[in-house]
Amino acid sequence: MTYCLTVTNKCNWNCEYCISDTHNNNRIYEDALDLVKTIPDNSNVAISGGEPGLLTQEQLMKIILLLKDKNSIISIKSNGQIFKHKEVLKEIDSIQYHCSENLDINDIVIKDYKDLTKFLVVVTDNNIHNLRNFLEYHNDIEIEIIPSVFIKPLSKKNLILLYKEFKEYFNNIDDIFKERSKVHKI
């Protein structure tokens, strides 16, 4: 079983599809410390937020060392802020790097941690116009692409564009398209 451990609600992004409340409950970190005690030994734990990389390295290390004492497999979901915490990166098993706020090809993709990192892009109406350039620029890394279909769905026009022009990037595009077509009556 994988446990999702929210360590902060603070975030430096304001993604239109985010389901996290990034403006309330400042006690999340202290609550996370208490929750670590309830996680069974040998568990998979995904540290998330908000943006975990906005915590101090000391705060993150305290949680990670508690989880390491429980022999946990630790992943962190981050928009890239985690890469400034070099000591943390030495202690975790994987990173889900959410690199999709605007798909600016000038964004720094941290290739030093390529083996540790799963790259994730959420496609929205606001960033689909940058998708092809982004994928071509970062063609040396494997990127998981997820269309925004649940929180703030892609428009019908952009969903069809995604299906026709980017089908080769998705393993499950047919399933996603069928599910979304129920909503749009495509």
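Chains are numbered independently. Their residues run from 1 in the order of the written sequence. With pLDDT at 70 or above as the cut-off, local features in this predicted model cover only qualifying residues; side-chain atom pairs require 80 or more to be listed or tallied, and sums for whole chains, interfaces and linings still use all residues. Excluded from the side-chain calculation are hydrogens and water; included are all heavy atoms of the structure.

1. A short note on the pattern of salt bridges
A side chain with one charge can pair with a side chain of the opposite charge if their charged atoms come near. For clarity, the threshold we go by: By definition here, a salt bridge exists when the distance from a side-chain nitrogen of Lys or Arg to a carboxyl oxygen of Asp or Glu is within 4 Å. In this description a helix means any DSSP run of H or I spanning at least four residues, a strand means any run of E spanning at least two, and both kinds are numbered starting from the N terminus.
Counted under the stated rule, the structure contains 2 salt bridges. For the salt bridge of lysine 37 with aspartate 34, the shortest nitrogen-to-oxygen distance reads 3.7 Å. Ionic pairing is found between glutamate 87 and lysine 90, a salt bridge with its closest N-O pair at 3.0 Å. With a gap of 3 residues between them, glutamate 87 and lysine 90 both fall in helix α3 (residues 86–91), about one helical turn apart.

2. Brief notes about the packing of aromatic side chains
Each aromatic ring pair is described using two quantities: the centre-to-centre distance and the angle formed by the ring planes. Here is the rule we go by: Each pair of aromatic rings taken from Phe, Tyr and Trp, with Trp reduced to its six-membered ring, is defined by centres within 6.5 Å and is described as stacked if the planes are under 30 degrees apart, edge-to-face if over 60, and tilted in the remaining cases. When accessible area is computed with a 1.4 Å probe and restricted to protein chains, residues below 20% of their type maximum are described as buried, those above 50% as exposed, and intermediate ones as partly exposed.
Evaluation of the coordinates by the stated rule reveals 3 aromatic pairs. A ring pair is formed by phenylalanine 83 and tyrosine 97, whose centres lie 5.2 Å apart and whose planes are at 85 degrees; its orientation type is edge-to-face. Of this pair, phenylalanine 83 sits in the loop between β3 (73–78) and α3 while tyrosine 97 is found in strand β4 (residues 94–98), placing the two residues 14 residues apart along the sequence. For the pair phenylalanine 83 and tyrosine 97, one class covers both residues: buried. Within the aromatic cluster, the residues linked to one another by ring pairs are Phe83, Tyr97, Tyr113 and Phe119.

3. Observations regarding the nonpolar core
Across soluble globular proteins, nonpolar side chains have a tendency to be buried as a group. Rules: To define a nonpolar core, start from buried Ala, Val, Leu, Ile, Met, Phe, Trp, Tyr and Cys residues and group those joined through side-chain atoms within 4.5 Å. For this analysis, residues touch if any pair of their heavy atoms sits within 4.5 Å.
Ranked by size, the top nonpolar core spans 42 residues in total, and within it Ile47, Ile63, Leu67 and Ile92 carry the most contacts. The element contributing the most residues to this core is helix α2 (residues 57–69), with 5 residues. Beyond its immediate sequence surroundings of up to four residues, isoleucine 92 is in contact with Ile64, Ile74, Ile76 and Leu116.

4. Digging into the environment of valine 7
With respect to the helices and strands, valine 7 occurs in the loop between β1 (2–6) and α1 (28–36). Residues valine 7 and arginine 27, spaced 20 residues apart in sequence, show a C-alpha to C-alpha distance of 9.1 Å. Residues in contact with valine 7, not counting those within four places in the same chain, are Ile28, Tyr29, Ala32, Ile47, Ser48, Pro52, Leu55 and Ile63.

5. Quick look at the side chain of serine 43
Our working rule: Under the rule applied, a polar contact is a pair of N or O atoms within 3.5 Å (in protein, one hydrogen donor and one hydrogen acceptor; residues adjacent in sequence only if both atoms are side-chain atoms).
With respect to the secondary-structure elements, serine 43 resides in the loop between α1 and β2 (44–48). Looking at serine 43, its side chain comes within polar contact range of the main-chain oxygen of proline 40, at 2.7 Å. The contacts of serine 43, once residues within four sequence positions are left out, are Met1, Tyr3, Asn71, Ser72 and Ile73.

6. Brief notes about α2
How we decide: The span expected for a helix works out to 1.5 Å for each residue beyond the first. Arc, as used here, means the arc of the directions from the helix axis to the C-beta atoms.
The end-to-end C-alpha distance of α2 is 18 Å, a good match for the 18 Å that 13 residues give at a rise of 1.5 Å each. Among the residues of α2, Leu60, Met61, Ile63, Ile64 and Leu67 are the ones counted as buried. Within α2, the buried residues cover an arc of 165 degrees as seen down the axis, which keeps them to one side. Exposed side chains of α2 directed beyond 90 degrees from the buried face belong to Glu58 and Asp69. Buried residues in α2 make contact with β1, α1, β2, β3 and α3. Directly beyond the C-terminal end of α2, a positive phi value near 60 degrees is found at asparagine 71.

7. Some thoughts on the pairing of β2
Which entries qualify depends on this criterion: Whether two strands pair depends on DSSP finding at least two bridges between them. By convention a crossover is right-handed if, when the strands point away from the viewer, the path from the first strand over the helix to the second runs clockwise.
Within β2, 4 of the 5 residues are buried, leaving the element largely enclosed by the surrounding structure. Bridge analysis of β1 against β2 gives 5 bridges, and the strand direction is parallel. Each residue of the ladder has a partner; that of threonine 2, found in β2, is asparagine 44. Across 4 bridges, the pairing between β2 and β3 is parallel. By the bridge assignment, asparagine 44 is partnered in β3 with isoleucine 73. The parallel pair β2 and β3, bridged by α2, forms a crossover whose chirality is right-handed.

The values reported here are purely geometric and, on their own, carry no functional implication.
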